[in-house]
Amino acid sequence: MDNRLGIPGNAAPCRRPMAAMPRLPACLLAFLFIPGLLAIAGKAHASSLTLDVRTAGLDLMTTILAGIIFLLVIYTVRHYLFTLNRLFGRQRQPYLDIEQATWPAVVVCVAAHNEERVIADALNALLEVDYPRDKLIIMPVNDRSTDGTRAIIDRIAASHPGRFTLFHRDSGRPGKAAALRDATARIEAEIIIVFDADYLPARGLIKQLVAPFFDPEVGAIMGRVVPLNAGANLLTRLLDLERAGGYQVDQAARMNLGLVPQYGGTVGGVRRCALEEIGGWNSDMLAEDTDVTFRLLQHGWKTVYQNRSECYEEVPEVWPVRIRQISRWSRGHNQVMGRNLMQLLKNPRISLRERADGVLLLCVFIMPPLLVIGWSITIIQFFMTSHQWLFGWLALSGMVAYGAFGTNAAFFEMAAATYLDGNRNRIRLLPLNIFGFLVSLVAISCAALSQFMDALRKRELVWHKTERFRMAPAAPAQELALPRDAALPGLAAEVS
Amino acid sequence: MAYPALLLISVLLIMCLPFIPALQEWLRPTDVAPLPVRRNEINNLRYFADSFRLTIAAMPVIDLPKLQSIQTDRTVNISDKLHVVHQRLDGDAGKGYPPATLKVLRQKNGIVIFIHDAWLPPDSHSQADLFAAADLLVGDGASLRACSAQGVITLGADTVVHRWIDAPCIHVGSNAAIDGRITALKELNFCAGSRFVRAGAPVMHFGDASTAAAPAPQAPSPRRRHVLDDGARQSAALDQPGDYVVRGPYRIRPGSSVSGNIKTYGDLHLGEHSRIAGSLVSNKDIVLDRGCSVLGPVISQNDIVIGPDCRIGTPGAATTLICRKLTIATGCTVHGVITTQDGAKVVPAELSHGR
């Protein structure tokens, strides 16, 4: 699950229906409107109550525009801050080197809904991890699959007795959150690690993901997602750049700065007692992962991001799937925003910087529609203020300046991530990301609009699964021979 | 009219400029591989040593039992970079190796294999990677690049190891410095004044550790979590079993026993003979006074100071200690792995700050 848009602010994952309207737009509009109204009132007073409707409209639009530009500047500064921190700041990965310890019991949940193409790879990879076998249980969470997923899981489990706890779900509410909620009720282990079925965990990954839980304040952990099919076509290459920016820079910087790294629902895990304390997975939410991040934060638990805990995933290879995916993320994220924003702002037990970052993270998916509104107002003002060309010109300049510095901030982030990853030539594709940016902008704006309409009609959002593209068993990009397997003729067998 | 058109064309050309390499990379990809995730890689402090031994094991000409049975005292050059030393120095270490052998030891990027017990003279400089099939004795002031042995390695005073050193058992002399990793299958012994960056062994003794504290008991699981805001001084809450998050500095009273993990935002100070049946995590410094014992990982985002006679981990439950800079007094025992960013130093008990 990704958390990156490549446009003002970063996206975050999402999954599920919307029960309440996001509260921010109302607050935001009030915030934007009040100065405009005051200005209007002042003018009306000065001109002996001759209210010029046209001027009032222009003032209102100017105020809204100023508010939007203000928000965009905040997100721009945030992007630059994160990128500069990753390039020059102190890096913080305190738990990554925990190599030996008394490891706690862990259940690895593999969420699967019609995953016959990929589930076997994920389960076989999990059977090879270096976590103590007596402490590790693999639990494929088969959620109402109608293909061969169940048969594949049963076959692999039968050939590895004692390693699996099976969870097949034939009915009930659809969606990963609902499935995980049902599965979690059967888990007694201290730590729950969650993977999607298309993920291929490395041998050392489970230990890396469990290590932060030795810190009693850590409630969730998130690793880095790396696109396996990055080279499939232009879309996957652009998504690869976006993912790199989102994880290598954005999430890592939030971890460095003690802000709010986001649990992404896969390649990560939660502490069971923390999950119980916050009421478990919320099956009403499309973005159960983001929801968990913020509910944990409200209850005094931290989420840790580990940039070196990497795992392969698939990214969409065709635009319609990508558009559906980002639309779903947008709706789910906005749903989480609606439920958590005010509580977050009012919670005095959360530090100011965490609250500020949390609010910016929650509001990230309302920025694209605001940007569209800003552009629209700019154009309208330009033509409506022909006698006051300076205002229109200033507004247009403001938006153009944002285009130069604001959009550049997100692109700078991606460029920095590519640099940190050691990739060189793919950075040349960066200008083409402007098209991905525009597609995301339109998709998210449409999703926000439809979410607004759904809220008015009190319609529930529906969870849609992202299509898989893998045709053959995955081949690891770099398979390294490990010392552990080799026999050493004439040398003592002393390899640990 | 011509000038505006020219200006427009120029602007469009400049705007299109970045798309030329972009289109080139799209149509003729040169960088499409996914980010390499080394799926077989695990956290293993002995990674370099294991790889080195595997490299030697994979050499068809190196069959140690056969080579050990050869009666010769020559140094055989298998290739420019690989040399086998057959010379025995039993009871005559002072005689040392012949100049030819000392020359290959100074060769950069070479591998030197000692078939029998080996001895490196004081103040010698070895730039080859060394492998000793038996024991290895390193004279005072010597400098090594990397070395592995199947027997015991003894580093003399003031020796320097630049990369890594690994053996079943290693004794590190006073003021010796290991700039990289030091690992042992069984035991490491550090003298006062020695320094290292990363170390790992089932048992690591610092100085004479015969008086190290008894191991802490195992904490019950699951545990309740307590969040304390008052900080600074130990509150009564700490007497209850459970995990503790303290939003500030914290000082634990001498002789206390805590059945759980402790996390502090500020400095964490353990009084003498405290016993922690869990982990210690601090955003700042951690100080352990004399005779403390900790069962789980000890993680500081800043420095750790460990006083004399402390014990981290147990023989049956190895653990990890992570910090920026570590100062550890003689008399301590650590079971597991120590990872520092800026290095660790062993200080005499009487000079330790954590008394």
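Above this text is the structure in question.
Parameters and conventions
- Residues numbered from 1 in each chain as written.
- Chains lettered and ligands numbered in written order.
- Predicted model: local features only at pLDDT ≥ 70, side-chain atom pairs only at ≥ 80, totals over all residues.
- Axes fitted to C-alpha atoms, helices over the stretch in contact; angles between N-to-C directions.
- Helix = DSSP H or I, 4+ residues; strand = E, 2+ residues; numbered from the N terminus.
- Parallel < 35°, antiparallel > 145°, perpendicular 65-115°, else oblique.
- Left-handed = near helix turned anticlockwise from the far one by under 90°.
- Contact = placed C-beta atoms within 7 Å.
- Nonpolar A, V, L, I, M, F, W, Y, C, P; charged D, E, K, R; others polar.
- Buried ≥ 20, exposed ≤ 12 C-beta atoms within 10 Å, placed from the backbone.
- Pairing = 2+ DSSP bridges.

Engineer: Can you help me understand the packing of helix α10 (residues 319-346) of chain A against helix α14 (residues 433-457) of chain A in this one?
Structural biologist: Between two packed helices, the angle of one axis relative to the other and the distance separating the axes together describe the packing. Residues and elements named next belong to chain A. Put simply, α10 and α14 touch, their axes get as near as 9 Å, and they point 50 degrees apart. One finds that α10 runs oblique with respect to α14. At the point where α10 passes α14, the crossing takes the right-handed sense. For the pair α10 and α14, contact is made by Trp 319, Ile 323, Ile 326, Ser 327, Ser 330, Arg 331 and Asn 334 and by Val 439, Ser 440, Ala 443, Ile 444, Cys 446, Ala 447, Ala 448 and Gln 451, respectively. For the contact of α10 with α14, a count of residues per class yields nine nonpolar, five polar and one charged.

Engineer: Looking at this structure, I do not really get the pairing of strand β6 (residues 268-271) of chain A. What am I missing?
Structural biologist: Every other side chain in a regular strand lies on the same face of the sheet, so the side chains alternate between the two faces. Residue and element names in this part refer to chain A. Of the two faces of β6, the one holding Gly 268 and Val 270 and the one holding Gly 269 and Arg 271 are both buried throughout. In this structure, strand β4 (residues 191-196) lies alongside β6, joined through four bridges in antiparallel fashion. Within the sheet, the bridge partner assigned to Ile 192 lies in β6 and is Val 270. Note: strand β5 (residues 218-227) against β6, three bridges, orientation antiparallel. Directly across from Ala 220, in β6, lies its bridge partner Val 270.

Engineer: How should I be thinking about the packing of α10 of chain A against helix α11 (residues 352-362) of chain A in this particular structure?
Structural biologist: All names here are of chain A. The geometry of α10 relative to α11 is characterised by a closest axis approach of 10 Å and an angle of 160 degrees between their N-to-C directions. By the angle between their axes, α10 is roughly antiparallel relative to α11. Crossing of α10 against α11: the hand is left-handed. Here α10 contributes Val 336, Met 337, Asn 340, Leu 341, Leu 344 and Leu 345 to the contact with α11, which in turn contributes Arg 355, Gly 358, Val 359 and Leu 362. A breakdown of the residues in the contact of α10 with α11 according to their chemical character gives seven nonpolar, two polar and one charged.

Engineer: Help me out: how do you make sense of the interface of chain A and chain B in this one?
Structural biologist: When the parts come together, some accessible area is lost, and that loss is often what is quoted as the size of the interface. At the interface, 56 residues of chain A touch 57 residues of chain B. For the side of chain A that touches chain B, the elements supplying multiple residues, two or more each, are β5, α7 (234-256) and β7 (302-313) of chain A. When residues in the side of chain A that touches chain B are grouped by element, the largest group, three residues, is from β7 of chain A. In terms of residue class, the side of chain A that touches chain B is built from 29 nonpolar, 10 polar and 17 charged.

Engineer: Explanation requested: the pairing of strand β27 (residues 332-347) of chain B in the structure shown.
Structural biologist: All names here are of chain B. The buried fraction of β27 is high, at 12 of 16 residues. Judged from the nine bridges that link them, strand β11 (residues 195-206) and β27 form a sheet pairing that is antiparallel. Along β27, the bridge assignment pairs Phe 206 with Cys 332. Relative to β27, strand β24 (residues 311-312) runs parallel, the two being bridged by two bridges. Counted as the bridge partner of Ile 312 is Val 334 from β27. Bridge analysis of strand β25 (residues 319-323) against β27 gives five bridges, and the strand direction is parallel. Among the inter-strand pairings, Thr 320 is bridged to a residue of β27, identified as Val 337.

Engineer: Is there a simple way to think about the sheet that holds strand β2 (residues 136-143) of chain A in this case?
Structural biologist: Strands belonging to one sheet form pairs held by backbone hydrogen bonds; the direction of such a pair is parallel or antiparallel. All names here are of chain A. A sheet is described by the order of its strands in space; here seven strands give the open sequence β3-β2-β1-β4-β6-β5-β7, paired in mixed fashion. In this open sheet, the two edge strands, each paired with only one partner strand, are β3 (167-169) and β7. With strand direction ignored, the average angle separating the axes of adjacent strands in the sheet is 20 degrees. Along the sheet, helix α4 (residues 149-158) contacts β1 (106-112), β2 and β3; its crossing angle with β2, the most-contacted strand, is approximately 165 degrees.

Engineer: So what exactly am I meant to see when it comes to helix α3 (residues 119-127) of chain A here?
Structural biologist: For an α-helix, the turn length of 3.6 residues means that residues three or four places apart are oriented alike. Here α3 of chain A has its buried residues at Ile 119, Asp 121, Ala 122, Leu 123, Ala 125 and Leu 126 of chain A. Tucked inside the fold, the buried residues of α3 of chain A contact β1, β2, α4 and β4 of chain A.

Engineer: How should I be thinking about the environment of Tyr 265 of chain B in this particular structure?
Structural biologist: Within the secondary structure, Tyr 265 of chain B is located in the loop between β16 (262-264) and β17 (268-270). When neighbours within four sequence positions are excluded, Tyr 265 of chain B is seen to be in contact with Val 246, Arg 247, Gly 248 and Asn 283 of chain B.

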